[in-house]
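Results of the structural survey
Chain residues, written in single-letter form:
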Amino acid sequence: MINKYTPADFPQRIVIELTPICNLNCSMCPRYYIDKRDGFMYENLWKKLIDEINIENQDSVILPFWRGESCLHPQFIELVQYAIDKGLRVHLSTNGHFMDENFRRIFYQCEFVTFSIHSDLGYKNAVFFANSKPSCSETNIQISFVDTEKSVKKFMNSVVNDPVLHGFDSVRLYIEHTIGGEFGKSKSAITPQQRIFCPKLANTLVVAYDGSFSRCNHVWNTENLFNLEKVNIKNLWNSSRMNEIREGYPDKICSLCDQWTGHTNGKLWKKQNGIIKLEEFRV
């Protein structure tokens, strides 16, 4: 019997995909295996979602990214600024290829920004951003890597061995979490018999650019039973479909996944009182 989490009344983390389009071609990325790889979220849908979050729970974390590079959205700056102006918590992930003054102005207003490093340009821009942070900004800045990429040896080792982490607040090393577009093949040492209920089903909702939804950011193909253009977040979150997924956990989709172990979150180096501390993520 897997102990169930009691889901939050309203999702504590809301992934809102601005676009599934990406400017890079990373070998480990499963975006080549999904059925939707083009498109941009409409401004009206974004504002509808942000307005509801503002009313329901201003402490919910908004993550305007998912399967693509959010900065490619032609209205990225205006849309993210709309959420920031309402005082909402925005956490952003980017590959660092978009770093003109207007993008930096938005990034420095976010609560948290992580640079996912897959190229020389991304690394160069991330270091510049971290070391150019204005005194008025409270942004927590992270740099992240995937263990199978060349960027680990090329850049990460020098960052984690630096007493000030090259200006970053933290460094994250993720374990590659898909093989051939499939989750659950990352060789977790934890067996299915040790399985616990996945907390993502109790705290996180994922909205695709077209208003469809996913139970989890690790399930890259979405469901169309409800569309967030027509229903609100709270109703979807408490819908019969979401409750069916939670009650049936692990169903035929979740049973194939091993992300519930936390092992693909890898390692985290972070500054604490002038000391670099290392954490390893497991259940």
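Described below are features of the structure shown in this document. Treat the numbers as computed from the prediction; the structure is a model and nothing was measured.

Here we take up helix 8 (residues 240-247). Among the residues making up helix 8, those that are buried are Arg 241, Met 242, Ile 245 and Arg 246. For helix 8, the angular spread of buried residues about the axis comes to 135 degrees, placing them on one side. More than 90 degrees from the buried face of helix 8, the exposed residues found are Ser 240 and Glu 247.

Turning to the packing of helix 1 (residues 43-56) against helix 2 (residues 76-85), a few remarks are in order. Interaxial distance between helix 1 and helix 2 falls to 10 Å at its minimum, and their mutual angle equals 15 degrees. With respect to helix 2, the element helix 1 is oriented roughly parallel. The chirality of how helix 1 crosses helix 2 is right-handed. For the pair helix 1 and helix 2, the contacting residues are Glu 43, Trp 46, Lys 47, Ile 50 and Asp 51 in the first and Leu 79, Val 80, Tyr 82 and Ala 83 in the second. Of the residues assigned to the contact of helix 1 with helix 2, the class counts are six nonpolar, no polar and three charged.

So, on to the pairing of strand 12 (residues 275-280). On a regular strand, each side chain points to the face opposite its neighbour's, so the side chains alternate between the two faces of the sheet. Two elements, strand 11 (residues 267-272) and strand 12, share six bridges in a ladder whose sense is antiparallel. Within the sheet, the bridge partner assigned to Lys 267 lies in strand 12 and is Glu 280. Hairpin geometry of strand 11 and strand 12 is characterised by an intervening segment of two residues between the two adjacent antiparallel strands and by a positive phi of about 55 degrees at Asn 273.

The next point concerns the pairing of strand 6 (residues 170-174). Burial of strand 6 is extensive: four of the five residues sit out of reach of the surface. With helix 5 (residues 151-160) bridging strand 5 (residues 140-146) and the parallel strand 6, this β-α-β connection has right-handed handedness. As paired strands, strand 6 and strand 11 are joined by four bridges and run antiparallel to one another. When the sheet's bridge partners are listed, Val 171 is paired in strand 11 with Trp 269.

Structurally, Ile 196 can be placed in the loop between strand 8 (182-183) and helix 6 (200-203). We classify Ile 196 as partly exposed; its relative accessible area is 29%. Placed 194 residues apart in sequence, Ile 196 and Ile 2 show a C-alpha to C-alpha distance of 5.7 Å.

Here we take up the environment of Leu 88. Looking at the element boundaries, Leu 88 is found in the loop between helix 2 and strand 3 (89-94). For the pair formed by Leu 88 and Lys 270, sequence separation is 182 residues and the distance between their alpha carbons is 24 Å. Residues contacting Leu 88, with those up to four places away along its chain left out, are Ile 50, Ile 53, Asn 54, Gln 58, Ile 62 and Ala 83.

Another point: the nonpolar core. Residues Ile 16, Trp 46, Phe 76, Phe 107, Phe 145 and Val 171 are the most contacted members of the largest nonpolar core, which totals 67 residues. Here this core gets six residues from one element, more than from any other, and that element is helix 2. Core analysis: the next-biggest nonpolar cluster, separate from the first, contains 13 residues, Val 15, Cys 26, Cys 29 and Val 206 among them.

Right, let's get into the packing of aromatic side chains. Counted under the stated rule, the structure contains twelve aromatic pairs. For the ring pair Phe 103 and Phe 107, a centre distance of 6.3 Å and an interplane angle of 35 degrees mean the geometry is tilted. Of this pair, Phe 103 and Phe 107 both sit in helix 3 (residues 101-107), four residues apart, roughly one helical turn. Look at Tyr 123 and Phe 155: their rings are 4.0 Å apart centre to centre, the planes differ by 15 degrees, and that puts the pair in the stacked class. With Tyr 123 in helix 4 (residues 120-131) and Phe 155 in helix 5, the pair connects residues that are 32 residues apart, well separated along the chain. Note on Tyr 123: relative accessible area 13%, which makes it buried. Aromatic ring contacts, followed pair by pair, group Phe 76, Phe 98, Phe 103, Phe 107, Tyr 108, Phe 115 and Phe 129 into a single cluster. The cationic tip of Arg 246 hangs over the ring face of Trp 237; the distance from NZ or CZ to the ring centre is 4.5 Å.

With that out of the way, let us pick up the pattern of salt bridges. Applying the stated criterion across every chain yields a total of eleven salt bridges. The partner of Glu 17 in a salt bridge is Arg 67, with the nearest N and O atoms 2.8 Å apart. Of this pair, Glu 17 sits in the loop between strand 1 (13-16) and helix 1 while Arg 67 sits in the loop between strand 2 (61-63) and helix 2, and the two are 50 residues apart along the sequence. Overall, Glu 17 belongs to the buried group, its relative accessible area being 0%. With relative accessibility at 2%, the residue Arg 67 sits in the buried group. Note that Glu 223 and Arg 241 form a salt bridge whose closest N and O atoms lie 2.8 Å from each other. Separated by 18 residues along the polypeptide, Glu 223 in the loop between strand 10 (213-214) and helix 7 (233-237) and Arg 241 in helix 8 bring together distant segments of the chain. Connected via shared salt-bridge partners are Asp 59, Arg 89 and Glu 111.

Rules behind the numbers
- Residues numbered from 1 in each chain as written.
- Predicted model: local features only at pLDDT ≥ 70, side-chain atom pairs only at ≥ 80, totals over all residues.
- Heavy atoms only, no water.
- Buried < 20%, exposed > 50% of the residue type's maximum accessible area, 1.4 Å probe, protein only.
- Helix = DSSP H or I, 4+ residues; strand = E, 2+ residues; numbered from the N terminus.
- Arc of directions from axis to C-beta.
- Axes fitted to C-alpha atoms, helices over the stretch in contact; angles between N-to-C directions.
- Parallel < 35°, antiparallel > 145°, perpendicular 65-115°, else oblique.
- Left-handed = near helix turned anticlockwise from the far one by under 90°.
- Contact = heavy atoms within 4.5 Å.
- Nonpolar A, V, L, I, M, F, W, Y, C, P; charged D, E, K, R; others polar.
- Pairing = 2+ DSSP bridges.
- Right-handed = clockwise from strand over helix to strand, strands pointing away.
- Core = buried A, V, L, I, M, F, W, Y, C linked by side-chain atoms within 4.5 Å.
- Phe/Tyr/Trp six-rings, centres within 6.5 Å; stacked < 30°, edge-to-face > 60°.
- Lys NZ or Arg CZ within 6 Å of the ring centre and 35° of its normal.
- Salt bridge = Lys/Arg side-chain N within 4 Å of Asp/Glu carboxyl O.

Keep in mind these values describe shape, not function.
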